[in-house]
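A structural walkthrough
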Amino acid sequence: MSLIEINKDAKTKVKICGLTSINDVSLVIREKADYAGMVMFFEKSKRNIFKDKARTLIKPLKEAGIKTVAVVVSPSQEQVEIIEEVGFDYIQIHGDLDKELLENIRLPIIRALNLKVADEKIVKEVQELENEDKIFAILFDAGIPGSGKTFDWNSLKKMDIKRKKVFLAGGLNKDNVALAIKTVNPDVVDVSSGVEFDDASIVGKCEEKLVAFIENARKVR
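Residues numbered from 1 in each chain as written. Predicted model: local features only at pLDDT ≥ 70, side-chain atom pairs only at ≥ 80, totals over all residues. Heavy atoms only, no water.

1. Looking at the overall build of the protein chain
How we decide: We count a stretch as a helix when DSSP gives it H or I for four or more residues in a row; a strand needs E for two or more, and each element gets its number in order from the N terminus. Each radius of gyration reported is based on C-alpha atoms, and the globular scaling rule is 2.2 Å times the count of residues to the power 0.38. Whether a residue is buried, partly exposed or exposed follows from its accessible area with a 1.4 Å probe, protein chains only, as a fraction of its type maximum: under 20%, in between, or over 50%, in that order. Here, residues are in contact when the closest pair of their heavy atoms is within 4.5 Å.
Scanning the protein chain from N- to C-terminus turns up eight helices and nine strands. Against the compact-globule benchmark of 17 Å for 221 residues, the protein chain has a radius of gyration of 16 Å, which places it among compact chains. Viewed in the frame of its principal axes, the protein chain has a C-alpha envelope of about 40 × 40 × 30 Å. For the protein chain, with 221 residues in total, the buried portion stands at 52%. The long-range fraction of contacts in the protein chain, counting pairs at least 24 apart against all pairs at least 6 apart in sequence, stands at 61%.

2. Side note on the pairing of strand S8 (residues 165-168)
Rules: Two strands are said to pair when DSSP picks up at least two bridges between them. With the strands aimed away from the viewer, a crossover counts as right-handed if its path from the first strand over the helix to the second runs clockwise.
In this structure, strand S7 (residues 135-142) lies alongside S8, joined through four bridges in parallel fashion. Among the inter-strand pairings, Phe140 is bridged to a residue of S8, identified as Leu168. Pairing analysis gives two bridges linking S8 to strand S9 (residues 188-191), with the strands arranged parallel. Bridge assignment links Phe167 to a residue of S9, and that residue is Val188. Crossover connection from S8 via helix H7 (residues 177-184) to parallel S9: handedness right-handed.

3. As for H7
Rule in force here: This arc describes the spread of directions from the helix axis toward the C-beta atoms.
Those residues of H7 not exposed but buried are Val177, Ala180, Ile181, Thr183 and Val184. Buried residues of H7, seen end-on, are gathered within an arc of 165° and therefore sit on one face of the element. Opposite the packed face of H7, turned more than 90 degrees from it, sit the exposed residues Leu179 and Lys182.

4. Comments concerning the pattern of salt bridges
Filter applied, for reference: The working definition used for a salt bridge is a side-chain nitrogen of Lys or Arg within 4 Å of a carboxyl oxygen of Asp or Glu.
For the structure shown, the criterion picks out 16 salt bridges. Note that Lys205 is salt-bridged to Glu196, the shortest N-O span being 2.7 Å. Each of the two residues, Lys205 as well as Glu196, counts as buried. Ionic contacts of the salt-bridge type, sharing partners, join the residues Lys46, Arg47, Glu196 and Lys205 into one network.

5. Here we look at the packing of helix H2 (residues 22-30) against helix H8 (residues 207-219)
Applicable threshold: Lines fitted to C-alpha atoms define the axes here, with helix axes fitted over just the stretch in contact, and angles between the N-to-C directions of these axes take values from 0 to 180 degrees. Note on angle classes: values under 35 degrees are labelled roughly parallel, values over 145 roughly antiparallel, values of 65 to 115 roughly perpendicular, and the remainder oblique. The sense of a crossing depends on the near helix, which, turned anticlockwise from the far helix by less than a right angle, makes the crossing left-handed and, turned clockwise, makes it right-handed. In the scheme used here, Gly and all other residues not listed as nonpolar or charged are polar, with Ala, Val, Leu, Ile, Met, Phe, Trp, Tyr, Cys and Pro taken as nonpolar and Asp, Glu, Lys and Arg as charged.
At their nearest, the axes of H2 and H8 sit 11 Å apart, and the two run at 30° to each other. One way to sum up the angle between H2 and H8 is to call them roughly parallel. By crossing handedness, the relation of H2 to H8 is classed as right-handed. Between H2 and H8, the contacting residues are Leu27, Val28 and Arg30 on the first element and Glu207, Leu210 and Val211 on the second. Residues that form the contact of H2 with H8 fall into these classes: four nonpolar, no polar and two charged.

6. Examining the nonpolar core
What counts, and what does not: Among the buried residues, those of types Ala, Val, Leu, Ile, Met, Phe, Trp, Tyr and Cys that are joined through side-chain atoms within 4.5 Å form a nonpolar core.
If you look at the biggest cluster of nonpolar residues, it comprises 60 residues, and the most contacted ones within it are Ile16, Phe88 and Phe140. In this structure, Tyr35, Ala137, Phe167 and Val188 belong to the second largest nonpolar core, which totals 13 residues.

7. Some words on the pairing of strand S6 (residues 109-115)
Across the seven residues that make up S6, a large majority, six, are buried. With three bridges joining them, strand S5 (residues 90-94) and S6 adopt parallel strand pairing. For Gln92, the partnering residue across the bridge sits in S6 and is Ile110. Once you follow S5 into helix H5 (residues 99-104) and on to S6, the crossover reads as right-handed.

8. Structural notes on helix H6 (residues 120-130)
Each full turn of the α-helix corresponds to 3.6 residues, which orients residues three or four apart in the same direction. If you check which residues of H6 are buried, you get Ile122, Val123, Val126, Leu129 and Glu130. Projected onto a plane normal to the axis of H6, the buried residues spread over an arc of 120° and lie on a single side. Away from the buried face of H6 by more than 90 degrees, exposed residues Glu120, Lys121 and Lys124 are located. Buried residues in H6 make contact with S6 and S7.

Scope: geometric values only; no functional claims are made or implied.
Written out as structure tokens, the structure is:
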């Protein structure tokens with residue numbers, strides 16, 4: 001079974017990532033997104049938040065039935081424990097993930113893979129993730145996360161993913177999300193910079209872009 005066949009009978013869900021404020025959360029709740037992501041322990045990102053803020057933002061999202069995701073890069077055991085204590089539903093891991101840490105994580109894992117095309121190395125890694133029980137989903141992201149750049153979606157058609165959810169990220173926006181869904185047929189489309197203001201110095205989500213993104217994603221099929 002190829003990747004493009006897996007999700008043929010289900011509507012693609014939406015994850016809005018990089019939430020930083022109650023205003024962002026209110027938009028996500030009002031527009032009924034399925035997943036909400038928050039960046040933690042990555043101070044290079046303007047979207048980085050700390051545990052007290054995360055706990056504040058998680059509460060109304062959980063009350064609204066929206067799944068919450070902590071987004072981290074090569075986390076330590078201590079960082080993972082803080083994320084679990086704060087109350088996230090999932091942990092999304094970019095960068096390194098060693099076996100010892102994997103064994104100790106209690107939350108379901110969304111494993112992020114960065115790529116330009118799905119080469120043999122990526123195909124092999126996906127096969128290994130398919131057999132790991134703690135992996136909830138595989139997220140395919142562009143080579144440089146947060147760059148607003150896409151990658152070759154058609155290259156994902158060679159993937160053979162049967163047991164895991166598939167998240168598609170990397171350069172998605174209101175103008176290309178419908179094509180992305182038609183091309184890849186993922187379980188979830190994941191957006192952050194694509195629903196932010198044109199002025200990169202402004203932190204937060206742009207209501208107009210966020211609303212249009214979700215509407216366009218949900219028009220497909």
